[in-house]
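# Fold and geometry: a report
In case you want the letters, here they are:
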Amino acid sequence: HAKAHEFMDQWEKNHDLKYVHKALELYPDCFLAKVCLIANQDIFDYIVHLEEMLSVEEKRLNNTGFMKKYRKGLVFTLDGEDYLKGMNELIQTYMKIGGFFKASKLAEKILLLDNTDVLGVRFVLASLYALLEEESKLIKLYHSRKEEYIPYYLSFMCLYYKRGDFKKAKEYLELIEKKNPYFVSYVEKNLEQKTPENVKLGEESEVIMILDEMHYLIDFIPY
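This section reports on the structure supplied with the text. Each chain has its residues counted from 1, following the order in which its sequence is written. Predicted model: local features are reported for residues with pLDDT of at least 70 only, side-chain atom pairs are reported and counted for 80 or more only, and whole-chain, interface and lining totals are derived from all residues. To get the side-chain values, take all heavy atoms of the structure and skip hydrogens and water.

## Let's talk about the side chain of R122
Here a helix means four or more residues in a row that DSSP labels H or I, a strand means two or more in a row labelled E, and each is numbered from the N terminus. If you trace the backbone, R122 turns up in helix α8 (residues 121-131). Note on exposure labels: buried denotes an accessible area under 20% of the residue type's maximum, exposed denotes more than 50%, and partly exposed covers the range between, all computed with a 1.4 Å probe on protein chains only. Classification of R122 by relative accessible area gives buried; the value is 12%. In this description, contact between two residues means that some pair of their heavy atoms is separated by no more than 4.5 Å. Among residues more than four places away in sequence, those in contact with R122 are L111, T116, D117, L141, R145, E147 and Y152.

Written out as structure tokens, the structure is:
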């Protein structure tokens, strides 16, 4: 599987499907490679097929005893990583069609399977809770992690803004300003830049990355 992933790394660089096929020749159960083969489908067919594939893969991992060990934090393999990446891909695809509730449920499932959250799904989930105005769930997620990151503050700001609690929303905006002094000035300039390769906390590059990754939430708080 590790050797197969070397071919998948090549696919990431140039998107040549020959590397995907080589990966499957080496390791026929490489789930990430299987996902790549259906990536060019119509988005609705893609969602249906990806749902089906994830269901089959989950059963396979359950039959091998992998899932039970994984939930206890006893094992982390490329099979598990591929499965989580497949779920994350489904989250992103549902978000493209506005399926935010479904996306939130998938994100919750990932966090149950992987408490370490190597994919950073907790930040997506925070913004989804804000979008869906799930205040209690957002608070619970925030306190469970004890992390002082801008995506949390931005999620709270947007949630209270949508509820008309502008005073509370501004308090979170001030927390964002303290964490990154470039945030407000960048937004006021109305700039749209691509996320740089090297992102540093507290710098403008962090602002660009956050606004890019959380654009779906920002789009729902006009004015």
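## Observations concerning a negative patch on the surface
Only residues whose relative accessible area exceeds 30% and that form no salt bridge enter a patch; like-charged residues are grouped when within 9 Å of one another, and nonpolar side chains (Val, Leu, Ile, Met, Phe, Trp, Tyr) when within 5 Å. Only the protein chains shown count as cover for residues, and the accessible areas themselves come from Shrake-Rupley with a 1.4 Å probe. The salt bridge definition used is simple: a Lys or Arg side-chain nitrogen within 4 Å of an Asp or Glu carboxyl oxygen. In this count, Lys and Arg are taken as positive residues and Asp and Glu as negative ones, while His and the chain termini are left out. Each charge is placed at NZ for Lys, CZ for Arg, CG for Asp and CD for Glu. A cluster of acidic side chains, namely D165, E171, E174, E177 and E188, defines a negative patch on the protein surface. The greatest single-element share of the negative patch, amounting to three residues, is contributed by helix α11 (residues 166-179). Considering the arrangement of structural elements, one finds E177 in helix α11.

## Concerning the layout of surface pockets
Using only the protein atoms, space was sampled on a 1 Å grid; points where a 1.4 Å probe fits but cannot get out form cavities, open sets with protein on both sides within 12 Å along at least five of seven lines form pockets, and lining residues are those with an atom within 4 Å of a point. Grid points are joined across faces, edges and corners, and a volume is the space filled by probe spheres set on the points. Volume-wise, the largest pocket comes out at about 720 Å³. Around the largest pocket, the lining comprises 24 residues; the ones closest to its centre are F183, V187, L211, I218 and I221. Put simply, the parts of the chain that give the lining of the largest pocket at least two residues each are α10 (150-162), α11, α12 (183-188), α13 (204-213) and α14 (215-218). With five residues, α12 is the largest single contributor of residues to the lining of the largest pocket. For the lining of the largest pocket, the class distribution of residues is 16 nonpolar, three polar and five charged. Looking at the second largest pocket, it is lined by 20 residues, and the ones nearest its centre are V124, M209, E213, M214 and Y216. Contributing elements (two or more residues each) for the lining of the second largest pocket: α6 (78-96), α8, α10, α13 and α14. Here the lining of the second largest pocket gets five residues from one element, more than from any other, and that element is α13. Throughout this entry, Asp, Glu, Lys and Arg are counted as charged residues, while Ala, Val, Leu, Ile, Met, Phe, Trp, Tyr, Cys and Pro are counted as nonpolar. The remaining residues, Gly among them, count as polar.

## Remarks on the pattern of salt bridges
The full count for this structure, using the stated rule, is 14 salt bridges. Taking the shortest distance from any N to any O, the salt bridge between E6 and K3 comes out at 3.3 Å. Placement of both E6 and K3 in helix α1 (residues 2-14) is noted, with a separation of three residues, approximately one turn of the helix. We classify E6 as partly exposed; its relative accessible area is 44%. Of the charged contacts in the structure, one is a salt bridge between R60 and D79, with a shortest N-O distance of 3.0 Å. Of the two residues, R60 sits in helix α4 (residues 43-63) while D79 sits in helix α6, which places them 19 residues apart along the sequence. Assessed through its relative accessible area of 14%, D79 is described here as buried. Sharing partners across several salt bridges, the network here consists of D29, E57, R60 and D79.

## So, the packing of aromatic side chains
For Phe, Tyr and Trp, rings pair up if their centres lie within 6.5 Å, where Trp contributes its six-membered ring, and each pair is then called stacked (planes under 30 degrees apart), edge-to-face (over 60) or tilted (otherwise). Taken as a whole and assessed by the stated rule, the structure comprises eleven aromatic pairs. Measuring from centroid to centroid gives 6.4 Å for F100 and Y216, while their planes differ by 25°, and the two rings are stacked. Remark: Y216 occurs in helix α14 and F100 occurs in helix α7 (residues 100-113); sequence separation between them is 116 residues. Taking relative accessible area as the criterion, F100 reaches 11% and is therefore assigned buried. Pairing Y142 with F156 gives two aromatic rings, centres 5.5 Å apart and planes at 85°, and the pair type is edge-to-face. Here the residue Y142 occupies a position in helix α9 (residues 135-145), and F156 occupies one in helix α10, the gap between them amounting to 14 residues. Each member of the pair Y142 and F156 is classed as buried. An aromatic cluster of at least three residues, connected via ring pairs, comprises F123, Y142, Y149, Y152, Y153, F156, Y160 and Y172.

## Quick word on the side chain of D82
Here D82 shows up in helix α6. Of the side chains bearing the opposite charge, K85 lies closest to the buried D82, which forms no salt bridge; the N-O distance is 5.4 Å. Beyond its immediate chain neighbours, meaning those up to four positions away, D82 contacts H1, H5, C30, F31 and L32.

## Remarks on unusual backbone geometry
At H15, a residue that is not glycine, the phi angle is positive and equals roughly 55°. Mapped onto the secondary structure, H15 falls in the loop between α1 and α2 (17-26). A positive phi angle, close to 65°, is found at Y223, a residue other than glycine. Mapped onto the elements of the fold, Y223 is located in the segment after α14. We classify Y223 as exposed; its relative accessible area is 95%.

Remember, this is a structural readout, not a statement about activity or role.
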